[in-house]
Amino acid sequence: MDRDKISQLAHADHPVNSPLDDESVRRLLRRTVGRGDAHVLDLGCGEAAWLLRTLVEHPDVTAVGVDNSAQALAKARKEASALGVERRLVLQHQDAAEFASDRRFDAVLSVGAAHAFGGLLPTLDAARGHLAPGGLVLVGDAYWEREPTTAARELLGEYEDLATTVDRVVAHGWTPVFGHISTRQELDDFEWCHTGSLATWALDHPDDPDSADVLDAATTHRSQWLRGYRDSFGFLTLVLRRTSG
């Protein structure tokens, strides 16, 4: 089944495609986009939820979003038009790691998209190449709250604990100026929305040829979460400045 369709259905009922609630998103954006006329870039923007919120909040901000999902970008364009911010938003259909621009950005966002760059530190390297002097980076990625099972590592990949994750970011030339550790409720809400949105669509469309596959995807994901990584998975979002240079 089309992975884009699964992803779009799974995230239909959550504010962003990361374990963050509305208030957390609002606070992180307020800390990141401090200027009313800022130029903002989101690498791996998906449906551009972060950028749309920013553009609505700041009528003079302009933004660029980059993602390799045509379906997600199509939904973002439709939402931008409905909100009346489409003239201030440019959406690029390409791999985020390959994006190039002559212009530098006051804020670079990449939350939950580190897989597109091969990890957290390569994500920061990419962001640095687009960042204006004195600019801010908003980045979000996973960490292990406690030692994971072998199955959890195989499913989700290699991460460090919280302190080690922050230490690696600092050693890489960045200074955290704000951050948010997703709460248990945020983590659980994200997973319940993911599996629940899939299950609801499947049950509401029993005659659709994809219905059984979507319901199976919900069941599989729920089992992997509850039996595999729920007790070890954490999510960290940081607002960063370059320590020097």
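Preceding this section is the structure that the text describes.
The structure reproduced in this document is the subject of the present report. (Residues numbered from 1 in each chain as written. Predicted model: local features only at pLDDT ≥ 70, side-chain atom pairs only at ≥ 80, totals over all residues. Heavy atoms only, no water.)

### Quick look at the pattern of salt bridges
Where we set the bar: A carboxyl oxygen of Asp or Glu within 4 Å of a side-chain nitrogen of Lys or Arg is what we treat as a salt bridge. To qualify as a helix, a DSSP run of H or I must reach at least 4 residues; to qualify as a strand, a run of E must reach at least 2; elements of each kind are numbered from the N terminus.
Per the stated rule, a full pass over the model turns up 11 salt bridges. One salt bridge connects Arg230 with Asp188, and the closest N-O pair in it is separated by 2.7 Å. Taken as a pair, Arg230 in the loop between helix H9 (211–229) and strand S7 (233–242) and Asp188 in helix H8 (residues 184–204) lie far apart in primary sequence, 42 residues in all. Of the charged contacts, one joins Asp231 and Arg230 as a salt bridge, the two residues approaching to 3.8 Å between their closest N and O atoms. By sharing partners, the salt bridges in this structure join Glu145, Arg146, Arg184, Asp188, Arg230 and Asp231 into a single network.

### Quick look at the packing of helix H2 (residues 22–32) against helix H3 (residues 49–57)
Condition: Fitting a line to C-alpha atoms yields each axis, with helices limited to the stretch in contact; the angle taken between N-to-C directions then spans 0 to 180 degrees. Working definition: roughly parallel below 35 degrees, roughly antiparallel above 145 degrees, roughly perpendicular at 65 to 115 degrees, and oblique for all remaining angles. Helix crossings fall into two classes, left-handed where the near helix is turned counterclockwise from the far one by less than a right angle and right-handed where it is turned clockwise. Any two residues having at least one pair of non-hydrogen atoms within 4.5 Å are treated as being in contact. Note on residue classes: Ala, Val, Leu, Ile, Met, Phe, Trp, Tyr, Cys and Pro are nonpolar, Asp, Glu, Lys and Arg are charged, and everything else, Gly too, is polar.
Between H2 and H3, whose axes approach to 11 Å, the crossing angle comes to 65 degrees. With respect to H3, the axis of H2 lies roughly perpendicular. For H2 against H3, the interelement crossing comes out right-handed. In contact with Asp22, Val25, Leu28, Leu29 and Arg30 of H2, H3 contributes Trp50, Arg53, Thr54 and Glu57. By residue class, the composition of the contact of H2 with H3 is four nonpolar, one polar and four charged.

### Observations concerning the layout of surface pockets
As a reminder of what qualifies: Here a cavity means grid points, on a 1 Å grid over the protein atoms only, where a 1.4 Å probe fits yet cannot get out; a pocket means an open set of points with protein on both sides within 12 Å along at least five of seven lines; lining residues are those with an atom within 4 Å of a point. Grid points are joined across faces, edges and corners, and a volume is the space filled by probe spheres set on the points.
Computed from the structure, the second largest pocket encloses a volume of approximately 180 Å³. Forming the walls of the second largest pocket are Asp22, Val25, Arg26, Leu29, Arg30, Val33, Arg53, Thr54, Val56, Glu57 and His58. Of all elements in the fold, only H2 and H3 reach the threshold of two or more residues within the lining of the second largest pocket. Counting residues per element, the lining of the second largest pocket draws most heavily on H2, at five residues. Classifying every residue of the lining of the second largest pocket gives four nonpolar, two polar and five charged.

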